[in-house]
Amino acid sequence: MHTTIPAGHGRAFRLAAGQRLRVATAEGGQVVDTWALALPDLDESMSMEHTRARLLTLSPRAGDDLFSDRRRPILRLVDDTSPGIHDTLIAACDQERYTQLGHAGPHRNCADNFRAALAELGYAAPPVPAPLNVFMSVPVDGDGTLSFQPSPARPGDAVTLEAVRDVVVVLSACPQDLVPINGAAMRPTSVGVDTPD
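The rules behind these values
The written sequence of each chain sets the order in which its residues are numbered from 1. It should be noted that, the model being predicted, local features are given only for residues of pLDDT at least 70 and side-chain atom pairs only at 80 or more, the latter also being counted only at that level, while totals for whole chains, interfaces and linings use all residues. To obtain the side-chain values, all non-hydrogen atoms of the structure were included, while hydrogens and water were left out. Labels follow the DSSP assignment, with helices taken as runs of H or I lasting at least four residues and strands as runs of E lasting at least two, numbered in each case from the N terminus. Any two strands are treated as partners once DSSP identifies two or more bridges connecting them. Angles here are taken between N-to-C directions and fall from 0 to 180 degrees, while the axes themselves are lines fitted to C-alpha atoms, restricted in helices to the stretch in contact. Nonpolar side chains (Val, Leu, Ile, Met, Phe, Trp, Tyr) are joined into patches within 5 Å and like charges within 9 Å, using only residues with over 30% relative accessible area and no salt bridge. All accessible areas in this document rest on Shrake-Rupley with a 1.4 Å probe, and a residue is counted as covered only by the protein chains that are shown. Whenever Lys or Arg places a side-chain nitrogen within 4 Å of a carboxyl oxygen from Asp or Glu, that contact is recorded as a salt bridge.

Leu 39 connects to Pro 40 through a cis peptide bond whose omega is 10 degrees. If you trace the backbone, Pro 40 turns up in the loop between strand S4 (32–38) and helix H1 (48–55). One non-glycine residue, Phe 135, adopts positive backbone phi at about 75 degrees. Its place among the elements puts Phe 135 in the loop between strand S7 (132–134) and strand S8 (158–163).

Pairing is antiparallel in the open sheet, where six strands are placed in the order S1-S10-S3-S8-S6-S5. Since the sheet does not close on itself, it has two edges, and those belong to strand S1 (2–5) and strand S5 (65–67), each with one partner. Across the sheet, the axes of successive neighbouring strands diverge by a mean angle of 25 degrees, strand direction being ignored.

A cluster of nonpolar side chains, Leu 58, Leu 89, Val 140 and Leu 146, forms an exposed patch at the surface whose accessible area comes to about 310 Å². With respect to the helices and strands, Val 140 occurs in the loop between S7 and S8.

To continue, consider the pattern of salt bridges. Considering all chains together, one arrives at 11 salt bridges under this definition. Put simply, Asp 43 and Arg 70 hold a salt bridge, and the shortest N to O gap is 3.4 Å. On the criterion of sequence distance, the pair formed by Asp 43 in the loop between S4 and H1 and Arg 70 in the loop between S5 and strand S6 (73–80) is long-range, its members being 27 residues apart. One network of salt bridges, in which partners are shared, links Asp 43, Glu 44, Arg 70, Arg 72 and Arg 165.

Next up, the structure:
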C-alpha cells in the first residue's frame, strides 16, 4: 500500500516481524525522522546510542541491523538507493528548537508528529527517543564540530526497512525550514511510504 506523508507531517505504521517498509523522497533532499517501538507495549525502542555502539559507525549501511535500548535488533536497513548519508546524532526537532532558532509562535515539529502519529493508532506516546534521521547530513569536522548540511538524497532515493520483530514505525517528513537540512531552499517536501497491504 502506498501512502504519501505531506511535508511537515508524520504517520505511524504497524509492521509484523519480517515485513518491510520503503521510504522515498520524491523530490530529493527531504529528511525523514524515523522511530521504531516494539509491540505490544512500546516499552522498547530503537536507540541511536546503542546502534552506534554496536555498529561502530555514525551512519548505518544497507545490511545493518538497528538496535533497541535493550541492545537487541529491532529494524534492519535492507536496501538504500541514496548516497547513504543518515544522521544518528541529532534529536528530533521540537517547539523549543524553533524558538531558539528565532521563530515566533507555533511551528510544526517532529516531536509533536511522533506523539500525534502514535495517538492516531491509539497509543500513548512514551518520551520521544532520538530518531534515525534518514537522508540527513550532519558531518563531523576534524575538530569535532558539527554542521547542518543539505541532504544529498536525490529525487526517488529510498531506504527499505525490515521489522526484526513486531513494531510500530513512526515517520516524520521533517518540517525544518530554518536550517538547510531539507535542501538549500529550506522547503520541506512530502515523502512516499510503501507498506504491505
